[in-house]
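Letter by letter, the chains look like this.
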Amino acid sequence: MDSVKDFDPVIYSLIKQEEQRQADKIRMIASENYASKAVLETTGSVLTNKYSEGYAGKRYYEGQQIIDQIEELAIQRAKDLFGAEHVNVQPYSGSPANIAVYLAFLQPGDTILGMALPHGGHLTHGAKVSLSGRYFNAQSYELDPATGRLNYDAIREKAKTVRPKIIIAGHSAYPRIPDFKIFREIADEVGALFMVDMAHFAGLVAGGVHPSPVPYADVVTTTTHKSLRGPRGAMIMCKAKYAAAIDKAVFPGVQGGPHDNTTAAIAVALKEASSNEFKQYATQVLKNASTLATALIEKGFKLITEGTENHLLLVDLNNKGLSGKQAAKALDKAGIVLNSNAVPYDTRKPFDPSGIRMGTPALTSRGFKEPEMLQVAELIDQVIRNFKDEDFLSQTAKKVKTLCSAFPAPGLEHLQNN
Ligand SMILES: *Cc1c(COP(=O)(O)O)cnc(C)c1O
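Residues numbered from 1 in each chain as written. Predicted model: local features only at pLDDT ≥ 70, side-chain atom pairs only at ≥ 80, totals over all residues. Heavy atoms only, no water.

Draft legend 1. Broad picture of the overall build of the protein chain. Broken down by element type, the protein chain carries 16 helices and 15 strands. Against the globule reference of 22 Å for 418 residues, the protein chain gives a C-alpha radius of gyration of 22 Å, in line with a compact fold. Taken along its principal axes, the extent of the C-alpha atoms in the protein chain is 60 × 60 × 35 Å. Counting every position in the protein chain, which comprises 418 residues, the buried fraction comes to 57%. When contacts within the protein chain are restricted to residue pairs at least 6 apart in sequence, long-range pairs at least 24 apart make up 73% of them. Carbon and sulfur atoms make up 53% of the accessible area of the protein chain, which amounts to about 17,900 Å² in all. Taking the 47 positively charged and 45 negatively charged side chains of the protein chain as two groups, their mean positions are separated by 2 Å. (Helix = DSSP H or I, 4+ residues; strand = E, 2+ residues; numbered from the N terminus. Rg over C-alpha atoms; globule rule 2.2 N^0.38 Å. Buried < 20%, exposed > 50% of the residue type's maximum accessible area, 1.4 Å probe, protein only. Contact = heavy atoms within 4.5 Å. Areas by Shrake-Rupley, 256 points an atom, 1.4 Å probe, with all protein chains shown as cover. Lys, Arg positive; Asp, Glu negative; His and termini not counted. Charge placed at Lys NZ, Arg CZ, Asp CG, Glu CD.)

Draft legend 2. Local environment of the site of the ligand. Around the ligand there are 13 residues in total, and S93, S95, S172, D197 and K226 lie nearest to it. S172 places a side-chain nitrogen or oxygen 2.8 Å from an oxygen atom of the ligand. Contact distances for the ligand include 2.5 Å between a nitrogen atom and a side-chain N or O atom of D197. Its free accessible area being 380 Å², the ligand has 86% of it covered by the protein chains. Across the shell around the ligand, the residue classes tally to one nonpolar, 10 polar and two charged. (Near = heavy atom within 4 Å. Polar contact = N/O pair within 3.5 Å; in protein donor to acceptor, adjacent residues only side chain to side chain. Nonpolar A, V, L, I, M, F, W, Y, C, P; charged D, E, K, R; others polar.)

Draft legend 3. Fine view of the domain arrangement of the protein chain. We note that the domain assignment places domain 1 (41-273) and domain 2 (276-415) within the protein chain. At the junction of the two partners, domain 1 supplies 27 residues and domain 2 supplies 25 residues. A combined buried area of about 2,200 Å² lies between domain 1 and domain 2, and 60% of that area is made up of carbon and sulfur atoms. The largest contributions to the domain 1 side of the interface with domain 2 come from P175, R176 and R229, which together make up 28% of the buried area. Our count for the domain 1 to domain 2 interface comes out at one salt bridge. One salt bridge in this structure joins R176 and E309, with 3.5 Å as the shortest N-O distance. In this structure, the connection of domain 1 to domain 2 is made through 12 residue pairs in polar contact (both at pLDDT 80 or more). For the side of domain 1 that touches domain 2, the elements supplying multiple residues, two or more each, are α9 (202-206) and α11 (260-273). (Domains from an automatic or database assignment. Buried area = accessible area lost by both parts, 1.4 Å probe. Salt bridge = Lys/Arg side-chain N within 4 Å of Asp/Glu carboxyl O.)

Draft legend 4. Structural detail: the side chain of N288. Position of N288 among the secondary structure elements: in helix α12 (residues 276-298). Residue classification places N288 among the buried positions, given a relative accessible area of 0%. Side-chain polar atoms of N288 contact the side chain of T364, separated by 3.0 Å.

Draft legend 5. View of the pairing of strand β10 (residues 234-238). Burial analysis of β10 places five of its five residues in the buried class, which makes it a mostly covered element. Residues of β10 alternate between two faces, with A234, I236 and C238 on one and M235 and M237 on the opposite face, all of them buried. Note that strand β4 (residues 86-88) and β10 share three bridges and pair antiparallel. Bridge assignment links H86 to a residue of β10, and that residue is C238. When strand β9 (residues 219-223) meets β10, the two strands line up antiparallel, connected through five bridges. Bridging across to β10, T223 finds its partner in A234. (Pairing = 2+ DSSP bridges.)

Draft legend 6. Seen up close, the nonpolar core. Core analysis: the largest hydrophobic core is formed by 47 residues, its most contacted members being F82 and M235. Among the nonpolar cores identified, the runner-up in size contains 37 residues, and A295, I336, L363 and F368 belong to it. (Core = buried A, V, L, I, M, F, W, Y, C linked by side-chain atoms within 4.5 Å.)

Draft legend 7. Local environment of the packing of aromatic side chains. Under the counting rule described, the total for this entry stands at 10 aromatic pairs. Considering the side-chain rings of F105 and Y242, the 5.2 Å spacing of their centres and the 90° angle between planes classify their relative orientation as edge-to-face. Here F105, found in helix α5 (residues 94-105), pairs with Y242, found in the loop between β10 and α10 (243-254); they are 137 residues apart in sequence, far enough to count as distant. Residues Y141 and F183 carry aromatic rings whose centres are separated by 5.8 Å and whose planes lie at 50° to one another, so their mutual orientation is tilted. Of this pair, Y141 sits in strand β6 (residues 137-141) while F183 sits in helix α8 (residues 180-190), and the two are 42 residues apart along the sequence. Taking relative accessible area as the criterion, F183 reaches 1% and is therefore assigned buried. Members of the aromatic cluster, joined through ring pairs, are Y141, Y152, F183 and F194. Taking NZ or CZ as reference, R229 lies 4.1 Å from the ring centre of Y281, over its face. One residue, K320, lies across the ring of F301, its end atom 4.2 Å from the ring centre. (Phe/Tyr/Trp six-rings, centres within 6.5 Å; stacked < 30°, edge-to-face > 60°. Lys NZ or Arg CZ within 6 Å of the ring centre and 35° of its normal.)

Below, the structure is given as C-alpha cells:
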C-alpha cells in the first residue's frame with residue numbers, strides 16, 4: 001500500500017490500525033469474516049474504473065469485452081455452486097438485493113410476511129424504519145415464546161390471516177435451521193411467493209453443512225461477505241421464470257452500474273467456496289459453534305433454543321446481572337468483539353437489549369478449532385464475571401492478543417512477519 005502511504009498517510013495509518021485490530025482480536029460478530037488476499041486484491045483492482053450498466057451482451061456503454069466475461073463467470077460459478085436456475089450478481093449489498101425483489105413482485109401497500117426484527121429477522125424483512133416496512137404492509141411472525149424456535153403452525157395461521165404476496169424466511173440472529181419445505185407448503189397454501197434470505201448462512205450452504213433453500217424458494221437472496229467470505233456484495237438467485245423480472249428490478253429498477261470489481265471478487269470467492277478446504281471450513285464453523293455453546297451452557301449461560309445448529313449463538317444475559325450492551329462493551333475492551341442483541345420477547349430497549357450474539361465464521365477462518373473455542377468460552381465467562389474490572393479487561397486483551405498471534409488471519413498474513 002505504498003501509494004496510499006505516500007499520498008494519504010492519515011488514511012494509511014487508520015487502515016494499518018484496523019488491520020492490527022482485526023489481527024489481534026477475537027472477532028465474533030456473526031456477520032463478519034476475513035476475506036482472502038485474492039478477494040481483497042480483486043476488490044482493489046482496476047475493475048473499479050469501469051461502467052457497465054445492463055447485462056452481458058446488452059450493455060449501455062461500450063468496452064465490455066472483459067467485463068462481460070467476468071460477470072458471466074461469476075454467474076456460472078454461483079449456478080454451479082448453489083444449483084440455481086438464474087443468478088443476478090449485481091446487487092450492491094444484501095439490503096438493495098431484498099429491495100429489488102420487492103420491486104420485482106410488489107406494488108406499494110402489498111403485504112409481505114417476514115420474521116420480526118427483534119426475533120432475529122432483518123430490517124429489510126419489513127421493519128417499520130426500513131423501506132420494506134414503510135412502502136409495504138409488513139406483517140411479521142415471531143418465535144415460539146416457550147422454545148425460542150419457529151412455530152410453523154403459528155406462521156401458517158398468520159399467513160392465512162394476512163394473505164401475503166411474499167413470505168420471507170431467513171434471519172440474522174436465529175441459531176436454528178428453518179424448515180424450507182414447510183415454508184414452501186405454507187406459501188403454496190396462501191398463493192404467496194416464497195423468498196429466502198440466506199445472507200448469514202450462505203457459506204454453510206455452499207460448504208454443504210446446511211440445507212439449501214434453493215430447491216424450495218422462488219427467490220433466494222444472499223450477501224457475499226458473511227459466512228460466504230467474499231467481498232461486500234450480494235446475489236439474487238431465482239427460478240428461470242422470474243429471471244427477467246429480477247434482472248429488471250436490479251437494473252434499472254434499483255441500481256445503476258454494477259460494481260465490476262466486486263463482481264470479479266464474488267467470482268473469486270465462489271471459486272474458493274467450491275473447494276474442499278471451504279467444505280472443511282464450513283464443517284469447522286459448525287463444530288466451533290456447538291463446542292462454544294456446550295461450554296457456555298456448562299458455565300451457566302442461557303442460550304436461546306439451548307444451543308445452535310448453525311454458525312451463531314444468542315445468549316440471554318438476564319441471569320448474569322448485566323445488559324447486552326454492558327457485556328459487549330466489556331468484551332470489546334478485553335479483545336473479544338461481538339454485538340449486543342435483542343432476545344425473543346426482550347423487555348429491554350433495542351439499543352441496550354438483554355442478549356449478545358456471537359458467531360464463529362471469522363475465528364474459524366483464522367484456524368480456531370475446538371480447543372481454542374473452550375478457551376474462548378472461558379475468557380467470555382471471566383469477562384462477564386469481572387465486567388467492571390478495567391485492569392482485568394486489559395489483562396485479558398493481552399491474553400487474547402497472544403492467542404490470536406498463533407493464528408494468522410486470511411488477508412493479514414503479512415502482519416505475522418513484523
Ligand atoms: C446482513 C443481512 C442483510 C443485509 O446486508 P447488507 O449487505 O448489510 O445490506 C440482509 N438480510 C439478512 C438476513 C442479513 O443478515
